[in-house]
Amino acid sequence: MKQTETPAALTILFGATGDLAKRKLYPSLYRLYRKGHLSSGFAVIGTARREWDNDIFREHVKKSVMESTNIQDQIDEFISHFYYLPHDVSDSNSYAELRTLANELDSKYSLGGNRLFYLAMAPEFFGTIAEHLKLDGLTDTEGFGRLVIEKPFGHDLPSAQELNAQIRRSFDEKDIYRIDHYLGKEMVQNIETIRFANALFEPLWNSRYISNIQITSSETLGVEERGGYYETSGALKDMVQNHMLQMVALLAMEPPISLQDDDIRSEKVRAFRSMRPLTLETVNDYFVRGQYGPGDHVPGYREEINVDPDSNTETYVAGKVMFDNFRWAGVPFYIRTGKRMPLKSTKIVVQFKDIPMNLYYRPDDQEMEPNLLVIHIQPEEGITLHLNAKKSGRQLQTTPVKLSYANNGEDIMNTPEAYEKLIHDAMRGDSTNFTHWDEVALSWSFVDVIAEAWRNEKAAFPNYPAGTKGPKAADELLEKDGFFWWPLNMLDVDVCN
Ligand SMILES: NC(=O)C1=CN([C@@H]2O[C@H](COP(=O)(O)OP(=O)(O)OC[C@H]3O[C@@H](n4cnc5c(N)ncnc54)[C@H](OP(=O)(O)O)[C@@H]3O)[C@@H](O)[C@H]2O)C=CC1
Ligand SMILES: O=C1O[C@H](COP(=O)(O)O)[C@@H](O)[C@H](O)[C@H]1O
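Looking up the chain in an unreviewed UniProt entry gives the name Glucose-6-phosphate 1-dehydrogenase, with the organism given as Domibacillus epiphyticus. What UniProt records for the chain under Catalytic activity (unreviewed entry) is the sentence "D-glucose 6-phosphate + NADP(+) = 6-phospho-D-glucono-1,5-lactone + NADPH + H(+)". In its Pathway (unreviewed entry) section, the UniProt record describing the chain reads: "Carbohydrate degradation; pentose phosphate pathway; D-ribulose 5-phosphate from D-glucose 6-phosphate (oxidative stage): step 1/3."

Shown next as structure tokens:
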């Protein structure tokens, strides 16, 4: 049930000494606390194998907060709500101790038995922890028991099904909050508002007026120290199966009948179901892959730590998703994502069709540009509409103009970080921006065919130098349809309101 107030609750964090907790979760909890979004009845138990105590843990939490923000008021009061218990996730005795401490804190802070179990651990532990939580009585309280679970949710459809069956033995679907942190990003959440709150766009949002949609998420970093994980994942499973397809679904879905989580979700599921499935024979017509080689002062992927020197893992994917439904027949949704690109940027470009007959021209016989709606997800947040206007003083000559809205200044300072929003939502019982099992299953079945085709075929890697825009095949993918990728640096949002 969705609540506007954050109820008192105990958060039990598995993986409390890990990277995600340090970089994202503690700073997010602190921001929620400072903004008054955590009820005074809140407590956190951190668990991991390390033999820490409350003091070491509290110092760790404090340090992670201080590394992420200059503001530190009430920090000592904040960390006093944190408790630590050394814990081995596969040992039942550990859960008995955890239950005793959880019950004590329940009374001390009057938490009403509400519990959020946050699994910030390697995915192979998800099923075991979920089972122990039920078997060892941690879910047996008067209040709610919600499971927040990090990605990756399986590594293909069968493993995701197995994991799902395992956690469903302990938690109902309504109590499972599968994190996709892109769904916590301000401008990803804005996609629905832009579409459904503007008379200007919704009537045009279909194959009659839109020629193609391009979604790019590019990163400058390489795999860093995550080579071991990335070798089993690659860009397809790391980014496409979840973040990229979630953005595609938000752009393609039909208007929901209400903003309730179930209604939005069922429209997203319908969108996933109408994606044209690929076969082993058609994969290479729709998807291309790349792997970065050495660049300026940076190693190639195959030289990274924990990476096979002959690795066939892709660090770049570009693809075309088609929807075989009434609204989108014939409109390609192009997606691309890669590591070691020239810039860190996530943008959506909606390209409108040309007008049926053009009476105008641009100087020097340049072609008139199509209208574009650009949604800037990150690092800048905003919207730009590219239009054509009359060039001053020149009859019939046009010039491109941009109408921009940039979320900057005070707005962006106050924009909650993705994890902050998602933790807050989970505490309030709002599962709108979490991925439902049906979405996970459908996106795996779409991606599994691509993974299988690529597994069976050794690629000619590396095929793009680090710091460049990816393999040539990604450009060819659009060229054969008569399109091109809109250059990201040309689309910058103007910083004005
Ligand atoms: N880091 C990131 O930026 C992101 C991470 N994620 C996901 O979040 C999850 C956690 O990632 P991350 O924080 O990077 O991982 P880390 O490897 O940094 O942390 C893993 C945590 O698990 C604990 N742990 C490991 N084995 C056991 C065990 N047997 N019993 C109890 N605790 C154990 C470790 O502590 P100890 O060694 O003390 O036991 C540590 O606290 C993963 O699912 C990852 O895919 C998702 C998006 C981004
Ligand atoms: O989930 C992941 O996302 C990040 C990119 O996230 P962003 O918010 O910085 O765009 C990616 O680097 C990582 O490999 C992947 O696991």
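Read on, since the account is not over.
(A) The arrangement of the domain arrangement of the chain in detail. Partitioning the chain into structural domains gives domain 1 (9-150) and domain 2 (183-490). For domain 1 versus domain 2, the distance between C-alpha centres works out to 34 Å. The partner domain 2 presents 11 residues to the 17 residues of domain 1 that form the contact. Here domain 1 meets domain 2 over a buried area of about 1200 Å², counting both sides, of which 64% is carbon and sulfur.

(B) Focus on the site of ligand 1. Among the 22 residues in the neighbourhood of ligand 1, the closest are listed as Thr-17, Asp-19, Arg-23, Arg-49 and Arg-50. A distance of 2.7 Å is found between an oxygen atom of ligand 1 and a side-chain nitrogen or oxygen belonging to Thr-17. The side chain of Asp-19 places a nitrogen or oxygen atom 2.7 Å from a nitrogen atom of ligand 1. The protein chains hide 79% of the 890 Å² of surface that ligand 1 would expose on its own. Per-element accounting of the shell around ligand 1 gives the leading share, 3 residues, to helix H1 (residues 19-34). Across the shell around ligand 1, the residue classes break down as 11 nonpolar, 4 polar and 7 charged.

(C) Region of interest: the sheet that holds strand E1 (residues 9-14). Read across the open sheet, the 6 strands follow the order E3-E2-E1-E4-E5-E6; overall the sheet is parallel. Only two strands of the sheet have a single partner each, and these edge strands are strand E3 (82-86) and strand E6 (176-178). Pairwise comparison of adjacent strand axes, ignoring direction, gives a mean angle of 20° for this sheet. Relative to strand E4 (residues 115-119), E1 runs parallel, the two sharing 5 bridges. Looking at the pairing, Phe-14 lines up with Leu-119 of E4. Where helix H4 (residues 92-109) meets the sheet, it contacts E1, strand E2 (42-48), E3 and E4, and its direction lies at approximately 165° from that of E2.

(D) Quick look at the UniProt feature "binding site: substrate" (unreviewed entry) in the chain. As recorded in UniProt, the sites labelled "binding site: substrate" (unreviewed entry) are His-181, Lys-185, Glu-219, Asp-238, Lys-339 and Lys-344. Structurally, the position occupied by Asp-238 is in helix H9 (residues 234-252). Using a relative accessible area of 3% as the deciding quantity, one classes Asp-238 as buried. Not counting chain neighbours up to four residues away, the residues in contact with Asp-238 comprise Lys-151, Arg-226, Tyr-229, Tyr-230, Ser-233, His-243 and Lys-339. Tracing the sequence through the fold places Lys-344 in the loop between strand E11 (333-338) and strand E12 (345-352).

(E) Looking closely at the nonpolar core. Ranked by size, the top nonpolar core spans 109 residues in total, and within it Phe-14, Phe-287, Val-321, Phe-333, Ile-348 and Leu-373 carry the most contacts. Counting residues per element, this core draws most heavily on H9, at 12 residues. Residues from two domains meet in this core; each of domain 1 (9-150) and domain 2 (183-490) gives at least three. With residues up to four places along the chain from it excluded, the contact list for Leu-373 reads Ile-194, Phe-201, Trp-205, Ile-348, Val-349, Val-350, Phe-352, Ile-383, Thr-384 and Leu-385. Tyr-26, Trp-52, Ala-120 and Ile-423 belong to the second-largest nonpolar core, a separate cluster that totals 34 residues.

(F) Geometry of a nonpolar patch on the surface. Together, Met-357, Leu-359, Tyr-360, Tyr-361 and Leu-396 line one region of the surface with nonpolar side chains, adding up to about 560 Å² of accessible area. Mapping Tyr-360 onto the fold places it in the loop between E12 and strand E13 (372-378). Since its relative accessible area comes to 44%, Tyr-360 is described here as partly exposed.

(G) Geometry of the packing of H9 against helix H10 (residues 261-273). Between H9 and H10, whose axes approach to 9 Å, the crossing angle comes to 105°. Judged on the interaxial angle alone, H10 and H9 are roughly perpendicular. Residues Leu-245, Gln-246, Ala-249, Leu-250 and Ala-252 of H9 touch H10, and the partners they reach there are Lys-268, Ala-271 and Phe-272. Of the residues that constitute the contact of H9 with H10, the class distribution is 6 nonpolar, 1 polar and 1 charged.

Scoring rules and cut-offs
Residues numbered from 1 in each chain as written. Chains lettered and ligands numbered in written order. Predicted model: local features only at pLDDT ≥ 70, side-chain atom pairs only at ≥ 80, totals over all residues. Heavy atoms only, no water. UniProt positions renumbered as here; feature names shortened; annotations may be inferred. Domains from an automatic or database assignment. Contact = heavy atoms within 4.5 Å. Buried area = accessible area lost by both parts, 1.4 Å probe. Near = heavy atom within 4 Å. Polar contact = N/O pair within 3.5 Å; in protein donor to acceptor, adjacent residues only side chain to side chain. Areas by Shrake-Rupley, 256 points an atom, 1.4 Å probe, with all protein chains shown as cover. Helix = DSSP H or I, 4+ residues; strand = E, 2+ residues; numbered from the N terminus. Nonpolar A, V, L, I, M, F, W, Y, C, P; charged D, E, K, R; others polar. Pairing = 2+ DSSP bridges. Axes fitted to C-alpha atoms, helices over the stretch in contact; angles between N-to-C directions. Buried < 20%, exposed > 50% of the residue type's maximum accessible area, 1.4 Å probe, protein only. Core = buried A, V, L, I, M, F, W, Y, C linked by side-chain atoms within 4.5 Å. Patch = residues over 30% accessible without salt bridge, like charges linked within 9 Å, V, L, I, M, F, W, Y side chains within 5 Å. Salt bridge = Lys/Arg side-chain N within 4 Å of Asp/Glu carboxyl O. Parallel < 35°, antiparallel > 145°, perpendicular 65-115°, else oblique.

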